[in-house]
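# Descriptive analysis of the structure
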Amino acid sequence: MLAIRPERLLSVWEQGARRHPIDRALLLYALAAPEQPADRLADMPIGARNAALMALRRASFGGHLASWVDCPACGERMEFALDAADLPPMPVASTDPIVVAGHRFLRPTSRHLAALVNADDPEAAARQLLRDCAESADGLPRDEAALAELLEAAEAAIEAADPWADLSLAIACPVCAHEAEASFDIASYLWEELDSHARRLLDDIHALASAYGWTEPAILALSDARRAAYLDRVRA
Ligand SMILES: [Zn+2]
């Protein structure tokens, strides 16, 4: 781990372990963008959050990401590799509203997503998100069909303005040839990686503390190379 110091890694892991994924993503965002005031991060567009998390991921673990998705048609597990260099260019962190058919919409933020966590119907959630992001919700069409049309146009406009808000990949299943869009969630991906690094680090601390009686801060203060060298001796 180059970009995250071990004690910081453990403290973020500890804070995030029992939180909702949206809050975990915000903890990672604070780690990725220390120059931003922490209380503003929830109001930053999701695309800006994702781009910052990808930059942190590249700096910590490199730009090559291996992942998998289950085929929605036959259930076959498909592995795929993603290279950060192939993703759309990093967006400028714009908070300018997006104008669709004369309506002005804010870009969806973590706060908007958090307001939807209890919605169980994805279509209702999408309509609520549209209303929550509208600068003037009173001006939205009342007619269902017109609202659905506006929703579709707004989703397309957000995707065009901010491709990082929802990173999706075209996937073709090698077994059944089903073609699908798989969305790639950098926040949960990075959290899983951080979680496994934190657990490995705790194992290392446990091994060294048991063998030498050193304290956790003393072990964390060692460089990675020295910690690994002592662990080799303990485990030899
Ligand atoms: Zn399939």
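Residues numbered from 1 in each chain as written. Predicted model: local features only at pLDDT ≥ 70, side-chain atom pairs only at ≥ 80, totals over all residues. Heavy atoms only, no water.

## Observations concerning the coordination of the zinc ion
- At 2.3 to 2.4 Å from the zinc ion lie its protein donor atoms, namely Cys71 (SG), Cys74 (SG), Cys173 (SG) and Cys176 (SG).
- Each of the four donor atoms bound to the zinc ion contributes to angles spanning 107 to 113°, and the resulting shape is tetrahedral.
- The sequence motif formed by the donor residues of the zinc ion is C-x2-C-x98-C-x2-C. Taken as a pair, Cys71 in the loop between strand 1 (64–70) and strand 2 (77–83) and Cys176 in the loop between strand 5 (167–172) and strand 6 (179–184) lie far apart in primary sequence, 105 residues in all. (Donors = N, O, S within 2.8 Å, 3.2 Å for Na, K, Ca; no water. Tetrahedral: all angles 85-135°; square planar, octahedral: opposite > 155°, others 65-115°. Helix = DSSP H or I, 4+ residues; strand = E, 2+ residues; numbered from the N terminus.)

## Focus on the environment of Ala182
- On the secondary structure map, Ala182 appears in strand 6.
- Judged by relative accessible area, which is 8%, Ala182 ranks as buried.
- Sequence separation of Ala182 and Asp204 is 22 residues, and the distance between their C-alpha atoms is 36 Å.
- Sequence-distant contacts of Ala182, that is, excluding residues within four places in its chain, are made with Val69, Leu167, Ser168, Leu169 and Ile171. (Buried < 20%, exposed > 50% of the residue type's maximum accessible area, 1.4 Å probe, protein only. Contact = heavy atoms within 4.5 Å.)

## Here we look at the nonpolar core
- Core analysis: the biggest nonpolar cluster contains 49 residues, and Tyr29, Met54, Phe184 and Leu194 have the highest contact counts within it.
- Of all the secondary-structure elements, those providing two or more residues to this core are helix 1 (6–16), helix 2 (21–32), helix 3 (46–61), strand 2, strand 5, strand 6, helix 7 (186–212) and helix 8 (216–221).
- Of all the elements, helix 7 adds the most residues to this core, at eleven residues.
- When residues are assigned to domains, this core turns out to be shared by domain 1 (6–193) and domain 2 (198–235), each giving three or more.
- Ignoring any residue separated from it by four or fewer positions in sequence, one finds Met54 in contact with Leu65, Ala84, Leu87, Met90, Trp164, Phe184 and Ile186.
- With 14 residues, the next largest nonpolar core counts Val100, Leu130, Leu140 and Ile158 among its residues. (Core = buried A, V, L, I, M, F, W, Y, C linked by side-chain atoms within 4.5 Å. Domains from an automatic or database assignment.)

## Things to note about the pairing of strand 5
- Burial of the side chains of strand 5 is restricted to one face: Leu167, Leu169 and Ile171 are buried, whereas none of Ser168, Ala170 and Ala172 on the reverse face is.
- Where strand 5 meets strand 6, six bridges bridge the pair, whose relative direction is antiparallel. Paired with Leu169 across the strands is Ala182, a residue of strand 6.
- With antiparallel pairing between neighbouring strands as the criterion, strand 5 and strand 6 make up a hairpin whose turn holds six residues, including Ala177 at a positive phi of roughly 65°. (Pairing = 2+ DSSP bridges.)

## Quick look at a negative patch on the surface
- Side chains of Glu149, Glu152, Glu155, Glu159, Asp166, Glu181 and Asp185 sit close together on the surface and give a patch of like negative charge.
- A per-element tally of the negative patch places helix 6 (residues 144–161) first, with four residues.
- Secondary-structure assignment places Glu181 in strand 6. (Patch = residues over 30% accessible without salt bridge, like charges linked within 9 Å, V, L, I, M, F, W, Y side chains within 5 Å. Areas by Shrake-Rupley, 256 points an atom, 1.4 Å probe, with all protein chains shown as cover. Salt bridge = Lys/Arg side-chain N within 4 Å of Asp/Glu carboxyl O. Lys, Arg positive; Asp, Glu negative; His and termini not counted. Charge placed at Lys NZ, Arg CZ, Asp CG, Glu CD.)

## Describing the packing of helix 3 against helix 7
- Where helix 3 contacts helix 7, the axes come no closer than 9 Å and their chain directions differ by 35°. Handedness of the crossing formed by helix 3 with helix 7: left-handed. Facing Arg49, Asn50, Leu53, Met54, Leu56, Arg57 and Phe61 of helix 3, the residues of helix 7 in contact are Ile186, Ala187, Tyr189, Leu190, Glu193 and His197.
- Taken together, the residues of the contact of helix 3 with helix 7 break down into eight nonpolar, two polar and three charged. (Axes fitted to C-alpha atoms, helices over the stretch in contact; angles between N-to-C directions. Left-handed = near helix turned anticlockwise from the far one by under 90°. Nonpolar A, V, L, I, M, F, W, Y, C, P; charged D, E, K, R; others polar.)

## Brief notes about the pattern of salt bridges
- Tallied over the full model, the rule gives eight salt bridges.
- Among the salt bridges present, the one from Asp43 reaches Arg111, with a minimum N-O distance of 2.7 Å. Residue Asp43 is located in the loop between helix 2 and helix 3, and its partner Arg111 is located in helix 4 (residues 110–114); the two are separated by 68 residues in the primary sequence.

## Regarding the side chain of Arg107
- You can see Arg107 is positioned in the loop between strand 4 (103–105) and helix 4.
- We note that Arg107 is buried and unpaired, the nearest opposite charge coming from Asp162 at a distance of 4.4 Å.
- Beyond its immediate stretch of four places on either side in the chain, Arg107 contacts Pro45, Ser94, Thr95, Asp96, Ile98, His112, Ala161 and Asp162.

## Some details on the domain arrangement of the protein
- Segmenting the protein into domains produces domain 1 (6–193) and domain 2 (198–235).
- Taken over C-alpha atoms, the centre of domain 1 sits 36 Å from the centre of domain 2.
- Opposite the five residues of domain 1 that make contact, domain 2 presents eight residues.
- Buried surface at the junction of domain 1 and domain 2, summed over both partners, amounts to about 600 Å²; 81% is from carbon and sulfur atoms.
- When the area that domain 1 buries against domain 2 is broken down by residue, the three leading residues are Pro6, Leu10 and Trp13, summing to 75%. (Buried area = accessible area lost by both parts, 1.4 Å probe.)

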